[in-house]
Amino acid sequence: MPEITGAFSSFAVPDLDEARRFYGETLGLQVGEDEMGFLRLVLPGGHEVVVYPKPDFEPASYTVLNLVVGDVEAAVDELGSRGVRFERSEGFRQDDEGIARGPQGPPIAWFEDPAGNVLSVLQTT
């Protein structure tokens, strides 16, 4: 096996311009482009996720990106004010804002990007 010198995650969307607006303006992430014209989301800590176009796109039915926040309630309120709608997930008890709390894990709320990919905000402390 060759030496692995790096790694990154990626997911698809049907429209890069719409993704650029959502991830940059709505979520406030740093968004750039790579040499192939794909989007590069720069995450806290310098990690990157590549977002690429796919003509026959179908959204992921699982969470493709988890955003760790210091206060999940504040994040849900802020994103809600920017037009983000939080989803209900089977098997989780969620409050009126869509935040799941309980023994399964940290407080977490799920939402979709404009392409229908599932994202979350969660509080780890």
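Structure's up top.
Please read these numbers as outputs of a predicted model, since none were measured by experiment.

The rules behind each value
- Residues numbered from 1 in each chain as written.
- Predicted model: local features only at pLDDT ≥ 70, side-chain atom pairs only at ≥ 80, totals over all residues.
- Heavy atoms only, no water.
- Helix = DSSP H or I, 4+ residues; strand = E, 2+ residues; numbered from the N terminus.
- Buried < 20%, exposed > 50% of the residue type's maximum accessible area, 1.4 Å probe, protein only.
- Polar contact = N/O pair within 3.5 Å; in protein donor to acceptor, adjacent residues only side chain to side chain.
- Contact = heavy atoms within 4.5 Å.
- Core = buried A, V, L, I, M, F, W, Y, C linked by side-chain atoms within 4.5 Å.
- 1 Å grid on protein atoms, 1.4 Å probe; cavity = no way out; pocket = protein on both sides within 12 Å on 5 of 7 lines; lining within 4 Å.
- Points joined across faces, edges and corners; volume = space filled by probe spheres on them.
- Nonpolar A, V, L, I, M, F, W, Y, C, P; charged D, E, K, R; others polar.

Just checking my understanding: could you explain the side chain of Asn-117 for this structure?
Along the chain, Asn-117 turns up in the loop between strand S7 (105-112) and strand S8 (118-122). Residue Asn-117 is classed as buried on the basis of its relative accessible area of 2%. For Asn-117, the side chain forms a polar contact with the main-chain oxygen of Ala-12, separated by 2.9 Å. In this structure Asn-117 touches Phe-11, Ala-12, Val-13, Phe-57, Pro-59, Ala-60, Val-64, Phe-111 and Glu-112, once residues within four positions along its chain are discounted.

Teacher, can you tell me more about the nonpolar core here?
By size, the foremost hydrophobic cluster in this structure holds 31 residues, and its most contacted members are Tyr-23, Leu-27, Leu-41, Leu-65, Phe-111 and Val-121. Core analysis: the second largest hydrophobic core is formed by five residues, Ala-100, Trp-110, Val-118 and Leu-122 among them.

I would appreciate a short explanation of the layout of surface pockets in the present structure.
Summary: where empty space remains is shown by rolling a probe the size of a single water molecule over the atoms. In this structure, the largest pocket occupies an estimated 300 Å³ of space. Lining the largest pocket are 15 residues, with Leu-27, Leu-29, Leu-67, Val-68 and Val-69 positioned closest to its centre. Breaking the lining of the largest pocket down by element, the ones donating at least two residues are strand S5 (63-68) and helix H2 (72-81). Sorting elements by how many residues they give to the lining of the largest pocket places S5 first, with four residues. Partitioning the lining of the largest pocket into residue classes produces 11 nonpolar, two polar and two charged.

I'm lost on the environment of Glu-97 in this one. Help?
Relative to the helices and strands, Glu-97 is located in the loop between H2 and strand S6 (100-102). Classification of Glu-97 by relative accessible area gives partly exposed; the value is 33%. C-alpha separation for the pair Glu-97 and Glu-73, spaced 24 residues apart in sequence, amounts to 8.1 Å. Filtering out sequence-adjacent residues up to four positions away, Glu-97 remains in contact with Glu-73, Val-76, Asp-77, Phe-86 and Arg-88.

How do you make sense of empty space enclosed by the protein when you look at a structure like this?
The tally for this structure, following the rule as stated, stands at one cavity of 30 Å³ or more. Its volume calculated, the largest cavity comes out at about 40 Å³. Residue lining of the largest cavity: Val-13, Pro-14, Asp-15, Glu-18, Ala-19, Tyr-23, Asp-113, Pro-114 and Ala-115, and that is the complete set. The dominant element in the lining of the largest cavity, judged by the number of residues it contributes, is helix H1 (residues 16-26), at three residues. Residues belonging to the lining of the largest cavity are distributed by class as follows: six nonpolar, no polar and three charged.

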